[in-house]
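# Structural characterization, general
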Amino acid sequence: MSLARLSIKGISYSQTQNGAYALLLSDMDSDRQLPIVIGAFEAQSIAIALEKEIKPPRPLTHDLFKSFSDRFKITVKQVIIHKLVDGIFYSSLVCERDGIEETIDARTSDAIALALRFDAPIFTYKNILDKAGIYLKDKGESSDIYDSENIDATERKESKEKTTSFKSEFSQMTTKKLNELLDKAVTDEDYERAAKIRDEISKRS
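Residues numbered from 1 in each chain as written. Predicted model: local features only at pLDDT ≥ 70, side-chain atom pairs only at ≥ 80, totals over all residues. Heavy atoms only, no water.

## Description of the overall build of the protein chain
When helices and strands are counted, the protein chain shows 7 helices and 8 strands. Split into buried and exposed, the 205 residues of the protein chain put 45% on the buried side. In the protein chain, the share of contacts with a sequence separation of at least 24, taken over all contacts with a separation of at least 6, comes to 54%. Taken as a whole, the protein chain presents about 11,400 Å² of accessible surface, with 50% of it coming from carbon and sulfur. (Helix = DSSP H or I, 4+ residues; strand = E, 2+ residues; numbered from the N terminus. Buried < 20%, exposed > 50% of the residue type's maximum accessible area, 1.4 Å probe, protein only. Contact = heavy atoms within 4.5 Å. Areas by Shrake-Rupley, 256 points an atom, 1.4 Å probe, with all protein chains shown as cover.)

Structure representation (structure tokens):
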């Protein structure tokens with residue numbers, strides 16, 4: 001079976017599961033998207049890895065795994081989403097140490113969070129894309145991590161309302177105040193808010 005390489009398109013709030021998020025992966029060779037429901041912690045960890053300017057005051061679990069692996073010269077070469085059963089995606093980490101490869105079973109959300117930290121490519125089998133891939137109609141929407149294309153119209157509306165709320169809140173503040181709020185958000189480990197504040201500061205630079 002042939003593999004398809006995926007990139008991360010965005011993360012949106014999920015309406016199907018309370019407190020969960022939808023991670024949207026994009027097939028690099030077509031317009032198909034692969035939506036995967038993940039937990040809030042994993043969504044936060046993936047968002048932090050994408051938002052490279054935000055540094056948590058303490059290492060998250062995936063950061064600790066990366067530090068541990070670096071210390072013992074273990075690398076993650078690639079992630080493969082290899083199975084879909086009853087709506088659950090199964091993934092593997094292909095790791096290497098001293099020229100020896102090992103394949104380790106992992107939750108897909110953890111595997112992707114680690115792939116970002118190791119700069120490892122993400123793949124899935126094309127039959128999984130055929131089974132679970134979708135085509136999004138609104139291609140002109142932003143693919144920003146917190147304002148991404150969403151799975152359905154309800155989620156899109158909710159995401160836009162949240163983004164508008166953040167923008168109206170921060171647009172009236174001084175840059176000094178925004179920097180103070182950014183420091184507090186990072187200290188409180190509220191990385192979604194920190195990313196929004198950082199975006200507002202960047203627009204003024």
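From this point, things continue past the structure.
## Thoughts on the pairing of strand β3 (residues 32–38)
With respect to burial, β3 is a largely interior element, 5 of its 7 residues being buried. Where strand β2 (residues 21–27) meets β3, 6 bridges bridge the pair, whose relative direction is antiparallel. Each residue of the ladder has a partner; that of S26, found in β3, is Q33. The hairpin formed by β2 and β3 contains 4 residues between the paired strands. Bridging between β3 and strand β8 (residues 134–135) involves 2 bridges; their strand directions are antiparallel. Within β8, the residue paired with Q33 across the bridge is I134. (Pairing = 2+ DSSP bridges.)

## Quick notes on the nonpolar core
The biggest cluster of nonpolar side chains holds 37 residues, and the ones touching the most others in it are L25, L34, I46, I81, F89 and L93. No other element matches the 7 residues that helix α3 (residues 108–118) contributes to this core. By size, the runner-up hydrophobic cluster in this structure holds 14 residues, among which are F170, V186, I197 and I201. (Core = buried A, V, L, I, M, F, W, Y, C linked by side-chain atoms within 4.5 Å.)

## Here's the deal with the sheet that holds β3
Spatially, the 8 strands line up as an open sheet ordered β6-β5-β4-β7-β1-β2-β3-β8, and their pairing is mixed. The sheet is open, and its two borders are formed by β6 (100–107) and β8, each paired with just one other strand. Pairing between strand β4 (residues 75–85) and strand β5 (residues 88–97): 9 bridges, direction antiparallel. Opposite V76, over in β5, you have C95 as the bridge partner.

## Here we look at the confidence of the model for the protein chain
One rule of thumb: low pLDDT means the predicted coordinates there are not for detailed reading. Here the protein chain averages 82 in pLDDT, while 82% of its residues score no lower than 70. Considering only residues more than four positions removed or in separate chains, one finds that residues 139–166, a stretch of pLDDT under 50, has 61 contacts. (pLDDT = per-residue confidence, 0-100.)

## Regarding the pattern of salt bridges
Any two side chains of opposite charge can pair, so long as their charged atoms come close to each other. In the structure shown here, the tally under the stated rule is 8 salt bridges. The closest approach of N and O atoms between E96 and K77, which form a salt bridge, is 3.8 Å. One end of the pair, E96, is in strand β5; the other, K77, is in strand β4, and 19 residues separate them in sequence. Of the charged contacts in the structure, one is a salt bridge between R107 and D110, with a shortest N-O distance of 3.0 Å. Within the structure, one salt-bridge network assembled from shared partners comprises E42, R107 and D110. (Salt bridge = Lys/Arg side-chain N within 4 Å of Asp/Glu carboxyl O.)

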